[in-house]
Amino acid sequence: MERISGETEGVALRLRESMAGGVLSFPLTSFRNDGSLDLESYRTYLTAQVATAPGAVFPACGTGEFSALDEDEYRAVVEATVEVADGRLPVVAGIGYGWAQALRFARIAEEAGADALLVLPHYLVAAPQDGLVEQLRRIAAGTRLPLIAYQRGQVVLTAESVRRIAEIPTVIGLKDGHSDLDRLQRLTLAAPDDFLFFNGAATAEIQARAYATVGVPAYSSAVHAFAPEIADACFTALRDGDDAAVNKLLRDFYIPLVELRDRVPGYAVSLVKAAARLRGLPVGPVRAPLTDPCPADLADLEQILDAGLNLVGATRRRTA
């Protein structure tokens, strides 16, 4: 790997190896019923997550309600994650907003011991390609930690922009949330061979086989946050080419879950937290502006969860 060296190279190599061995975990952040951060419960929950040996853990990202955390809470969450992970797997913390605010979070994550950073889409405004590249350059200039860009929402990179960001020494990869496979194929071919790509679709398992056809087999899994048994079974079936098992999981669990998720904005996180609570995991409610599922949707979620657990021979009750 000539493009990067030293500490950055070590992190990139470790992530590449870990991404090949398991799904990427994006843990939920635990809150009390009054909305305050419940760090003790988060540690308990995260300990159970880490015990399932995911490829890496990404605290305080989208599923972890990054945008709902203040800086002190963010520091506490990342520190706790580093302590619980204890070097057993890479810790990639989320950062976001404009580059100046992103750097405030980057420095906190660096001090807390994170291995790398996931740069979440910037706040609100649309931007030209030069601005998207400059955003990453400015963040990279302010932290020693390796960066993974995240294209989703208003962030849509061209092949030329991926070539440019790959020239930034500490930018090591790209998470894709657009699921435009034509564009993604162009991006993978424009990037250096050592550049990391992974599938960051809202329910990545649905599109995992399609992503793999363009050279992007690694993916994040929101399902892992509440049912690692299901997530791991799907990962294993995909890895082994067991199409019958994959199809069964998609048909009877993942597709019904996605259809329920699409009923209400924000359910991509709210349903995940609700499913974790159904399993006895201490994650608490979501924070505003998200809302917890209504009773009717919660009843449907219970049925979908039970169906998925039955497919893999697991039971509802899961204590952290």
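Check the entry above for the structure.
## A closer look at the overall build of the protein
Okay, step 1: Looking only at helices and strands, the protein features 12 helices and 8 strands.
Okay, step 2: Relative to the 2.2 N^0.38 estimate, which gives 20 Å for 320 residues, the radius of gyration of the protein is 18 Å and therefore close to what a compact globule would have.
Okay, step 3: Expressed as lengths along the three principal axes of its C-alpha atoms, the size of the protein is roughly 50 × 45 × 35 Å.
Okay, step 4: Out of the 320 residues in the protein, the part that is buried amounts to 53%.
Okay, step 5: Taking the 31 positively charged and 41 negatively charged side chains of the protein as two groups, their mean positions are separated by 1 Å.

## Thoughts on helix 7 (residues 181-190)
An α-helical turn contains 3.6 residues, so any two residues separated by three or four positions project in the same direction.
Okay, step 1: Every buried residue of helix 7 is accounted for by Leu184, Leu187, Thr188 and Ala190. One face of helix 7 carries all of its buried residues, which in axial projection span an arc of 165°. Set apart from the buried face of helix 7 by more than 90 degrees, the exposed residues are Arg186 and Leu189.
Okay, step 2: Lining the buried residues of helix 7 we find strand 5 (147-151), helix 6 (159-166), strand 6 (171-176), strand 7 (196-199) and helix 8 (208-213).
Okay, step 3: You can read the cap of helix 7 off the contacts: a side-chain oxygen lies 3.3 Å from the backbone nitrogen of Asp182, and it is on Asp180.

## Quick word on the environment of Ala68
Okay, step 1: Relative to the helices and strands, Ala68 is located in the loop between strand 2 (56-57) and helix 3 (71-85).
Okay, step 2: In the structure, Ala68 is positioned 220 residues away from Ala288 in sequence and 7.7 Å away in space, judged by C-alpha atoms.
Okay, step 3: Leaving out residues up to four positions away in the same chain, Ala68 has contacts with Glu73 and Arg287.

## Focus on the packing of helix 10 (residues 243-261) against helix 12 (residues 295-311)
Okay, step 1: Two elements in contact, helix 10 and helix 12, have axes separated by 9 Å at closest approach and are oriented at 160°. One way to sum up the angle between helix 10 and helix 12 is to call them roughly antiparallel. Seen along the crossing, helix 10 lies across helix 12 with a hand that is left-handed. On helix 12, the residues that touch Lys248, Leu249, Asp252, Phe253, Pro256, Leu257 and Leu260 of helix 10 are Asp297, Asp300, Leu301, Ile304, Leu305, Ala307, Gly308 and Leu311.
Okay, step 2: Among the residues making up the contact of helix 10 with helix 12, the classes are represented as 10 nonpolar, 1 polar and 4 charged.

## Observations concerning the pattern of salt bridges
Side chains carrying opposite charge are able to pair once their charged atoms draw close together.
Okay, step 1: Taken as a whole and judged by the stated rule, the model has 23 salt bridges.
Okay, step 2: The partner of Asp130 in a salt bridge is Arg164, with the nearest N and O atoms 2.8 Å apart. Here Asp130, found in helix 5 (residues 129-142), pairs with Arg164, found in helix 6; they are 34 residues apart in sequence, far enough to count as distant.
Okay, step 3: A salt bridge links Arg261 to Asp262; the nearest nitrogen and oxygen atoms lie 3.1 Å apart.
Okay, step 4: Given the relative accessible area of 52%, Asp262 is considered exposed.

## Describing the sheet that holds strand 8 (residues 220-221)
Strand pairing in a sheet is mediated by backbone hydrogen bonds. Such pairs are either parallel or antiparallel.
Okay, step 1: An order of 2-1-8 is seen for the 3 strands of this open sheet, with the pairing classed as parallel. Looking at strand neighbours, the two that pair on one side only are strand 2 and strand 8, the edges of this open sheet.

## Digging into a nonpolar patch on the surface
Okay, step 1: Where nonpolar side chains cluster on the molecular surface, the patch consists of Tyr123, Leu124 and Val125 and spans about 360 Å² of accessible area.
Okay, step 2: Its location among the elements puts Val125 in the loop between strand 4 (116-119) and helix 5.

## Considerations on the sheet that holds strand 4
Okay, step 1: Strand order in the open sheet made by the 5 strands is 3-4-5-6-7, with parallel pairing throughout. Either end of the sheet is taken by a strand with one partner, and the two such strands are strand 3 (92-95) and strand 7. On average, each strand axis in the sheet is inclined to that of its neighbour by 25°, with strand direction left out of account.
Okay, step 2: Relative to strand 7, helix 1 (residues 6-21) is tilted by about 35°, and along the sheet it contacts strand 3, strand 4, strand 5, strand 6 and strand 7.
Okay, step 3: With respect to the sheet, helix 5 is in contact with strand 3, strand 4 and strand 5, its orientation differing from that of strand 5 by roughly 155°.

## Thoughts on helix 2 (residues 39-51)
Okay, step 1: With 13 residues, helix 2 extends 18 Å between its outermost C-alpha atoms, agreeing within 8% with the 18 Å of an ideal straight helix rising 1.5 Å per residue.
Okay, step 2: Residues of helix 2 that are buried include every one of Ser41, Tyr42, Tyr45, Leu46, Ala48, Gln49 and Val50, and no others.
Okay, step 3: Positive phi appears at Ala53, one or two residues downstream of helix 2, with a value of about 60°.

## Brief notes about the packing of aromatic side chains
Okay, step 1: Applying the stated criterion across every chain, the model contains 10 aromatic pairs.
Okay, step 2: With centroids separated by 4.8 Å and ring planes inclined at 85°, the aromatic side chains of Tyr74 and Phe105 adopt a geometry described as edge-to-face. Of this pair, Tyr74 sits in helix 3 while Phe105 sits in helix 4 (residues 99-112), and the two are 31 residues apart along the sequence.
Okay, step 3: Phe105 sits in the buried class, given a relative accessible area of 2%.
Okay, step 4: Members of the aromatic cluster, connected to one another through ring pairs, are Phe66, Tyr74, Tyr97 and Phe105.

Cut-offs applied
- Residues numbered from 1 in each chain as written.
- Predicted model: local features only at pLDDT ≥ 70, side-chain atom pairs only at ≥ 80, totals over all residues.
- Heavy atoms only, no water.
- Helix = DSSP H or I, 4+ residues; strand = E, 2+ residues; numbered from the N terminus.
- Rg over C-alpha atoms; globule rule 2.2 N^0.38 Å.
- Buried < 20%, exposed > 50% of the residue type's maximum accessible area, 1.4 Å probe, protein only.
- Lys, Arg positive; Asp, Glu negative; His and termini not counted.
- Charge placed at Lys NZ, Arg CZ, Asp CG, Glu CD.
- Arc of directions from axis to C-beta.
- Contact = heavy atoms within 4.5 Å.
- Polar contact = N/O pair within 3.5 Å; in protein donor to acceptor, adjacent residues only side chain to side chain.
- Axes fitted to C-alpha atoms, helices over the stretch in contact; angles between N-to-C directions.
- Parallel < 35°, antiparallel > 145°, perpendicular 65-115°, else oblique.
- Left-handed = near helix turned anticlockwise from the far one by under 90°.
- Nonpolar A, V, L, I, M, F, W, Y, C, P; charged D, E, K, R; others polar.
- Salt bridge = Lys/Arg side-chain N within 4 Å of Asp/Glu carboxyl O.
- Pairing = 2+ DSSP bridges.
- Patch = residues over 30% accessible without salt bridge, like charges linked within 9 Å, V, L, I, M, F, W, Y side chains within 5 Å.
- Areas by Shrake-Rupley, 256 points an atom, 1.4 Å probe, with all protein chains shown as cover.
- Expected span 1.5 Å × (residues − 1).
- Phe/Tyr/Trp six-rings, centres within 6.5 Å; stacked < 30°, edge-to-face > 60°.

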